[in-house]
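Examination of the molecular architecture
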Amino acid sequence: MITRQRLAAGVCALLAALTAGIAFPTGAVADETAEQAAPKVELVLDVSGSMRARDIDGGSRMSAAKQAFNEVLDATPEEVQLGIRTLGANYRGNDRKTGCKDTAQLYPVGTLNRTEAKTAVATLTPTGWTPIGPALLKAADDLDGGNGTRRIVLISDGEDTCQPLDPCEVAREIAAKGIGLTIDTLGLVPDAKTRDQLSCIADATGGTYTSIQHKEELTDRVGQLVERAADPVVTPVAVQGATACTSAPTLKSGLYTDREEFGQHRYYRVDVKPGQELRASVSVAADREVNPDYGVLLRAVTVHGREIVRGEAAGNGRTDVVSTGLRYPKAESDDESAPAETVCLQVSNSFSAASGVKTTPGMPVELTVDVVDGPDQASDVASFGLGRGWWLLGALVLTGFLAGVLWGWVSRLRIAVWRTN
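Let me begin by describing the structure that accompanies this report. What you see is a predicted model; the values in this text were computed from it and never measured. (Residues numbered from 1 in each chain as written. Predicted model: local features only at pLDDT ≥ 70, side-chain atom pairs only at ≥ 80, totals over all residues. Heavy atoms only, no water.)

Notes on the side chain of Asp157
Considering the arrangement of structural elements, one finds Asp157 in the loop between strand 4 (150-156) and helix 6 (167-176). Of the polar contacts made by the side chain of Asp157, one reaches the side chain of Ser50; its length is 2.8 Å. (Helix = DSSP H or I, 4+ residues; strand = E, 2+ residues; numbered from the N terminus. Polar contact = N/O pair within 3.5 Å; in protein donor to acceptor, adjacent residues only side chain to side chain.)

Structure representation (structure tokens):
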């Protein structure tokens, strides 16, 4: 019995070691980040009375926001200077003039002390009005100075209640100053009017709007936006894709924007030399109401139409952005004068417009292209569609073979022991 237990433990240990070798291959590429001015982010949270509503995963909107903030604070990159501003958190009365001044900085923008920031967030209680416009003006002042990335992340569950100071006009004024400040907005279980207002605020500064229905969505999206502030600033270049590869524009490494109509195919060309790797990703934004069941496909094909590799994403229900990507390493060549290969990137979608929704202009497309030095021993990813998964397949086959041999040996030993006894 003891012998059998030791053998089983040995088999498990071997399998664990092999699995670890697969999961953590050697030769990881180091992260290379250029130095830049410290990025600044201010989270602007709506703490008005409506945040008491209990319609996010069985809990209140306020509790969902607190949980999201705590997790985001734990994951905030060290280089990001982060602050928190509230609106509607302090005044409980009915005087509109006073309520529309109710915005305060809960935690100053600067080097983050996670314990202090979490303690401040824990004290929040849904209270009063929704002065979004005044809060945005104050937040812009909080982030004034410096030339690094500056981003406001506004989380609200309702429209501004302090008209005529239109928050959309406030956002346009901020954008007109040319200070490079981006406002991203998140709507908690929003109605149509709230969605329109928050979308307008984001559009005015080149930001994004996201509709939130669940706690996990809120945590993930706020975390993404905070981390994005730490990325180097890249200005996208407008490009117009073609309906066929032969007439497609040739792109170099960079970030590109385009528009794609419902169900349309757009083509772009990229030259990849032997020993290089093409990395591409695409995001299609559903900036209007769409029907459920949708998908986005990114294919790398040859100029003759043969598929090299693909990336795809699909979903069902309300969404704002769908993204996918692919990688294609081109093997080294012994011929130093070997020409570059022209790879055609095909972007297509299966979105369909809801009844009464305009289909033009097309939906916003963001395409990232990066051509870098390829990994050692890059292989042809076109082989049977497996791409660079050949090494993983081989490792799995070897693991299965060794496990089968060991299990057979254990079984034979068990039979021998049984016959002896």
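Regarding the sheet that holds strand 16 (residues 363-373)
Taking strand neighbours across the sheet as the criterion, the 5 strands line up as 7-9-16-11-14 in an open arrangement whose pairing is mixed. Among the strands making up the open sheet, the edge pair consists of strand 7 (237-238) and strand 14 (321-329). Relative to strand 16, strand 11 (residues 276-285) runs antiparallel, the two being bridged by 9 bridges. Considered in strand 16, the bridge of Val284 is made with Val365. (Pairing = 2+ DSSP bridges.)

Observations concerning the state of the cysteines
Summed over the entire model, instances satisfying the criterion amount to 3 disulfides. Residue Cys168 pairs covalently with Cys200 via a disulfide, S to S 1.6 Å. Disulfide Cys168 to Cys200: torsion about the S-S bond roughly -50°, handedness left-handed. One end of the pair, Cys168, is in helix 6; the other, Cys200, is in helix 7 (residues 192-204), with 32 residues separating them in the sequence. (Disulfide = S-S within 2.5 Å.)

Concerning the pairing of strand 5 (residues 181-188)
Across the 8 residues that make up strand 5, a large majority, 8, are buried. With burial as the criterion, each face of strand 5 is covered, one bearing Leu181, Ile183, Thr185 and Gly187 and the other bearing Thr182, Asp184, Leu186 and Leu188. Summarising the sheet, strand 4 and strand 5 pair through 7 bridges and their orientation is parallel. Residue pairing for strand 5: Ser156 is matched across the bridge by Gly187. Remark: the strand 4/helix 6/strand 5 crossover connection has right-handed handedness. The sheet contact formed by strand 5 and strand 6 (residues 209-212) spans 4 bridges and is parallel. (Buried < 20%, exposed > 50% of the residue type's maximum accessible area, 1.4 Å probe, protein only. Right-handed = clockwise from strand over helix to strand, strands pointing away.)

Some words on the packing of aromatic side chains
According to the stated counting rule, one finds 1 aromatic pair in the structure shown. The interplanar angle of 10° and the centroid separation of 5.2 Å between the aromatic rings of Tyr294 and Phe351 together place this pair among those described as stacked. Here Tyr294 is found in strand 12 (residues 294-301), whereas its partner Phe351 is found in the loop between strand 15 (341-349) and strand 16, with 57 residues between them in sequence. When sorted by exposure, Tyr294 lands in the same class as Phe351, which is buried. (Phe/Tyr/Trp six-rings, centres within 6.5 Å; stacked < 30°, edge-to-face > 60°.)

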